[in-house]
Amino acid sequence: MIRKSLQKIYLALIFILLYAPIVTLMVLSFNNSKTRAKWGGFTLKWYRQLFQNEQIMSALYTTLIISFFAAGIATVIGTAAAIAIQGMKQKWRTLYMGLTNIPMMNAEIVMGISLMLLFIALRMTLGFGTILIAHITFNIPYVILSVSPKLKQTSRHTFEAAMDLGASPLQAFFKVVFPDIMPGVLSGFMLAFTMSLDDFVITHFTKGPGIDTLSTKIYTEVRKGIKPEIYALSTILFVSVLVLLLLINYAPEEKEDGKTKRKKVKRPSKVKMVVVRRVIPAVLCLVVFGGGIYYATRNQMMNGDKVIVYNWGEYIDPEVITIFEEETGIDVIYEEFETNEILYPKVSSGAIAYDLVCPSDYMIQRMLENGLLAEIDFENVPNVKYIGQQYMEQSKQFDPENKYSVPYCWGTVGILYNKTMVEEPVDSWGILWDEKYKDSILMQDSVRDAFAVALRYLGYSLNSADLDELNEAMELLIRQKPLVQAYVIDQVRDKMIGNEAALGVIYSGEAIYTQWENPDLEYVIPKEGTNIWIDAWVIPKNAEHKENAEAFLDFLCRPDIALKNFEYITYSTPNTAAREMIEDEQLRNSKVAFPDLDKLPEMETFRYLGTEADGVYGELWNKVKSK
Amino acid sequence: MKNKRYLAGPYLFWSVSFVVIPLLVIVYYAFTTDEGGFTFANLGQIVTPENLKALGISLLLSFFSTVVCLLLAYPLAMILSARNMNQSSFIVLIFILPMWMNFLLRTMAWQTLLEKTGVINSILGFLHLPLLDIINTPYAIILGMVYNFLPFMVLPIYNVLIKIDKDVVNAARDLGANSAQTFLKITLPLSVPGVISGITMVFVPALTTFVISDLLGGGKILLIGNVIEQSFKQNSNWHVGSSLSLLLMVFIIGSMALVAKYDTDGEGTVL
């Protein structure tokens, strides 16, 4: 008996391990606060907002449809292959199983990269098709490995007997063999479906513009903090699958004879069973497909006027897109990226013809130098007059004649600190090297930003390409590493709100939001100076809808729209007219959002330093990270 | 039955087009420069102390998480296989169901659980117990790996265990072996193929992950997966990234060889 209870306790512990995160996510879906770091009371609003959020719903349906087709096609190919392999000689069988094992064993990252390189080499447009191909590829082995054992259990004589009795091979297969391997085929399908649904890495490398699965959508959102609607959606998905599985597994079943484990014979007489096993799945399929077709046709109907926009994650108010579509009838295909470095090869390879892209200063310079950008026809963008002159002036650092870019957001990089944890005044980068704050410091996890901190602290330019200076900066960063709690990008926000750390390096745009959520936080620009950055819209040379891009750009420069965006993303807008319209006086005059450029310490904008220097930075940063 | 072989045709075509050829593309990238010329320089670039260290840590962490997985999974698989219930569905319920919550979200949730002011520490603090401080350390990464890959260890072991003929076990008992002896002489040897395939199914993804170390390691611990990801994303150096991928392939091929050795009947014990 003790043994039994020990077993039960063990099972329970494993169960807790597996389900603790899931319960956490479910709880978060009812959290009234937008950040996961704070419990803001119970709410159902995310569930309501979920169904209005077109981007998430469309990602959901894309995911379901891709998973369904990938699993379906993989099931057909895989089952056929399993049957063929079963009948092969040992040598061939080993060869085929080896082939099957490659995608199973291969690292996802290697597989994703290899497929991406292949698709780009073949000049295939990255999109729905390429994701589907990739998913089928990694799904087939799951099907084969589920079907093969079942095939082993079936006697090949039954098939021959059926043939002898006059059945055609097809008849014999569907009447005799197939019912026997059915459970394997089904579980192979389900497994493949689940794997597709859960895949991130491979989709990430093989997807194109305007298409997002839930995974990739979530990944872009990790940058800015997950939208609570995603938690709500996951909870719904999870609960519905749970219910479905419970229904199927605990549905009334005919009694099995313990010894003769023959195949379950279907008994249509039991109404309940039919409902559970046929009707419910059928209804679910209908819902999925109905929704899928609805959303798919929405996207497909865009054969008319469209504009393909490539922007940072969470960098626009979704309503702005809706308003634009309603006003102009031009459909916006909206795609998000995480870093400038991801954006560059996508644009330069020409695999995807984006119409409007929003890189940062130094990346614009790089694109310009490599002749990737088209001149903007400012006749079509009259609203550019609302952009403050000082920002156009700043932009000249990367776009000397203001011909190729229109500033969208700008800001500084500084230190965010928690007043209750830091006693002394914060005015220098030096505090990030103070032993007192060991394990309470958050650093930026990107090469240039991290080096900028060290370089400015040492009094060098943050565009330094001087090896000695860079080495010195690296030594400094290595010295700092034991004090650092974590290297993160936008999780600084959640962690600072949740009082996880005392000090963090952060973008000014994020600082405003964190202060709303946690009034103990304060943002400072250190006296040694820092980076002032500008993200600006540019039109790639291979854009196919340049005029639409200009129309959208003009729309974004409209003061009321720029204001709407500012209030949503809280990154400083260069649109002076929009700033005048901010109602909250405190926000309008916020020193964080709109610092007085003249009174700031020495500010610099990143410049592109060339491949060689890029390589040096990367190498040194690797040394820091691997210490 | 002869023409059955053609049924494998589509699969062969698919595998060659989208598994074998892409790998060759990686090889191509690994040995060429931006201009397309042949070079060994990329390979030279990967044997830096930093990369070797990242590889070392990856090997170490994936080794530990594989061991932990095995230690957790074996008893679990035994308990499950000994139970007389609608097992396959139960297993599915327990292990496949979590995958319907997105992988990234599940791992992110561990952040919320493990953080200094996180859920677990709130509970521990409430009970006046010592606090857990493992977020952003290698331990958190191992936990994340174990959490994510445990099913891949449990399922193969479970699958071989249920296939063991009960009569063999009973015969051993009848012949006077105690339960420890029966386990060591009968159950364990018979379950080796499942264990081996479980080990590789955990070891390879643990060795190559970049998401788990990113989310739970606080970016302080660089695994080989992170290095590869960076070379594609941050440094846009596809050639060096491809070379590093080749390096990983060495370990993957090693694992495959190991599995092939124990999986003599070529049926695959993974699932």
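Going along each chain's sequence as written, the residues are numbered from 1 onward. Ligands are numbered from 1 and chains lettered from A, in the order in which they are written. Restriction of local features to residues with pLDDT of at least 70 applies here, the model being predicted, together with a cutoff of 80 or more for giving and counting side-chain atom pairs; totals for whole chains, interfaces and linings are based on all residues.

1. Focus: the overall build of chain A
Rules: Only DSSP runs of H or I reaching four residues or more are called helices, and only runs of E reaching two or more are called strands; each is numbered from the N terminus. Residues with at least 20 neighbouring C-beta atoms inside 10 Å of their own are called buried, those with 12 or fewer are called exposed, and the rest are partly exposed, where every C-beta is derived from the backbone.
Of the regular secondary structure elements, chain A holds 25 helices and 11 strands. Reported as C-alpha extents along the three principal axes, the dimensions of chain A are approximately 95 × 65 × 50 Å. For chain A, buried positions account for 48% of its 627 residues.

2. A closer look at the overall build of chain B
The following threshold applies: Contact definition: two residues whose C-beta atoms, as placed from backbone geometry, lie within 7 Å.
Broken down by element type, chain B carries 12 helices and zero strands. In sequence order, chain B lays out its α and β elements as α-α-α-α-α-α-α-α-α-α-α-α. Taking the contacts inside chain B whose residues are at least 6 apart along the sequence as the reference set, 73% of them involve residues at least 24 apart.

3. Overview of helix H17 (residues 447–457) of chain A
All names here are of chain A. Across the 11 residues of H17, 10 count as buried, placing the element largely inside the fold. Taken together, the buried positions of H17 are occupied by Val447, Arg448, Asp449, Ala450, Phe451, Ala452, Val453, Ala454, Leu455 and Arg456. The elements touched by buried residues of H17 are strand S5 (405–418), strand S6 (441–444), helix H18 (467–480), strand S8 (503–507), strand S10 (530–540) and helix H25 (610–626). Count one or two residues on from H17 and you reach Gly459, which has phi positive near 90°.

4. Some thoughts on the environment of Leu71 of chain B
Along the chain, Leu71 of chain B falls in helix H3 (residues 49–82). Counting along the chain gives 82 residues from Leu71 of chain B to Met153 of chain B, while the straight-line C-alpha distance between them is 9.8 Å.

5. Here's the deal with the nonpolar core
Applied cut-off: Remark: nonpolar core denotes a set of buried Ala, Val, Leu, Ile, Met, Phe, Trp, Tyr and Cys residues whose joining runs through C-beta atoms within 7 Å.
If you look at the biggest cluster of nonpolar residues, it comprises 147 residues, and the most contacted ones within it are Ala192 of chain A together with Met153 of chain B. The biggest single contributor to this core is helix H3 (residues 54–86) of chain A, with 18 residues. Beyond its immediate stretch of four places on either side in the chain, Met153 of chain B contacts Cys69, Leu70, Ala73, Gly198, Met201 and Val202 of chain B. Within the second largest apolar cluster, 107 residues are counted, among which are Ile308, Ile316, Leu372 and Ile431 of chain A.

6. Focus: the interface of chain A and chain B
Quick reminder of the rule: Each residue receives one of three labels: charged for Asp, Glu, Lys and Arg, nonpolar for Ala, Val, Leu, Ile, Met, Phe, Trp, Tyr, Cys and Pro, and polar for the others, Gly being one of them.
Taken together, the contact pairs 92 residues of chain A with 83 residues of chain B. Broken down by class, the residue content of the side of chain A that touches chain B amounts to 57 nonpolar, 25 polar and 10 charged.

7. Some details on the confidence of the model for chain A
Basically, it comes down to this: Confidence of the predictor at the level of single residues is given by pLDDT, which spans 0 to 100.
In this model, chain A carries an average pLDDT of 86, and 91% of its residues clear a pLDDT of 70 or more. Counted against residues more than four places away or in other chains, residues 253–269 of chain A, with its pLDDT under 50, gives five contacts.

8. Quick notes on the packing of helix H1 (residues 9–30) of chain B against helix H12 (residues 238–262) of chain B
Residues and elements named next belong to chain B. For clarity, the cut-off: Fitted lines through C-alpha atoms serve as axes, helices being fitted only where they are in contact, and the angles separating the N-to-C directions of these axes extend from 0 to 180 degrees. These descriptions rest on fixed angle ranges, namely under 35 degrees for roughly parallel, over 145 for roughly antiparallel, 65 to 115 for roughly perpendicular, and the rest for oblique. Crossings are classed by handedness, with left-handed meaning an anticlockwise turn of the near helix from the far one by less than a right angle and right-handed meaning a clockwise turn.
At a closest axis distance of 7 Å, the pairing of H1 and H12 adopts a crossing angle of 120°. With respect to each other, H1 and H12 are oriented oblique. As for how H1 packs across H12, the hand of that crossing is left-handed. Note on element contacts: H12 touches H1 through Trp238, His239, Ser242, Ser243, Ser245 and Leu246, opposite Ile26, Val27, Tyr29 and Ala30.

9. What about the pairing of strand S7 (residues 484–488) of chain A?
Put simply, side chains in a regular strand alternate between the two faces of the sheet. Residue and element names in this part refer to chain A. We apply this condition: Two strands are counted as paired when DSSP detects at least two bridges linking them.
Taken across its five residues, S7 has five buried, putting it largely inside the fold. Pairing of S6 with S7 involves four bridges; the strand directions are parallel. The residue of S7 that forms the bridge with Gln444 is Val488.

10. Side note on the confidence of the model for chain B
Residues and elements named next belong to chain B. Averaged over every residue, the pLDDT of chain B is 85; residues scoring 70 or more account for 90%. Note on residues 266–271: pLDDT is under 50 here. Beyond four places in sequence and across chains, it has 28 contacts. On the interface metric, ipTM, the complex scores 0.86, and its pTM is 0.83.

11. A look at unusual backbone geometry
All names here are of chain A. Although it is not a glycine, Arg123 adopts a positive phi angle of roughly 60°. Here Arg123 shows up in the loop between helix H5 (108–121) and helix H6 (128–153). Here Arg123 falls in the exposed class, since 9 other C-beta atoms lie within 10 Å of it. If you check the backbone angles, Asn499 has positive phi at about 60° while not being a glycine. In this fold, Asn499 is placed in the loop between helix H19 (491–497) and S8.

12. Overview of the packing of H6 of chain A against helix H8 (residues 169–198) of chain A
All names here are of chain A. Running from N to C, H6 and H8 point in directions that differ by 155°, and their axes come no closer than 8 Å. When the axes of H6 and H8 are compared, the pair comes out roughly antiparallel. Here H6 runs over H8; the crossing is right-handed. Of the residues in H8, those in contact with His135, Phe138, Asn139, Tyr142, Val143, Ser146, Val147, Pro149, Lys150 and Leu151 of H6 are Asp180, Ile181, Pro183, Gly184, Val185, Ser187, Gly188, Phe189, Leu191, Ala192, Met195 and Ser196. Counted by class, the contact of H6 with H8 contains 13 nonpolar, seven polar and two charged residues.

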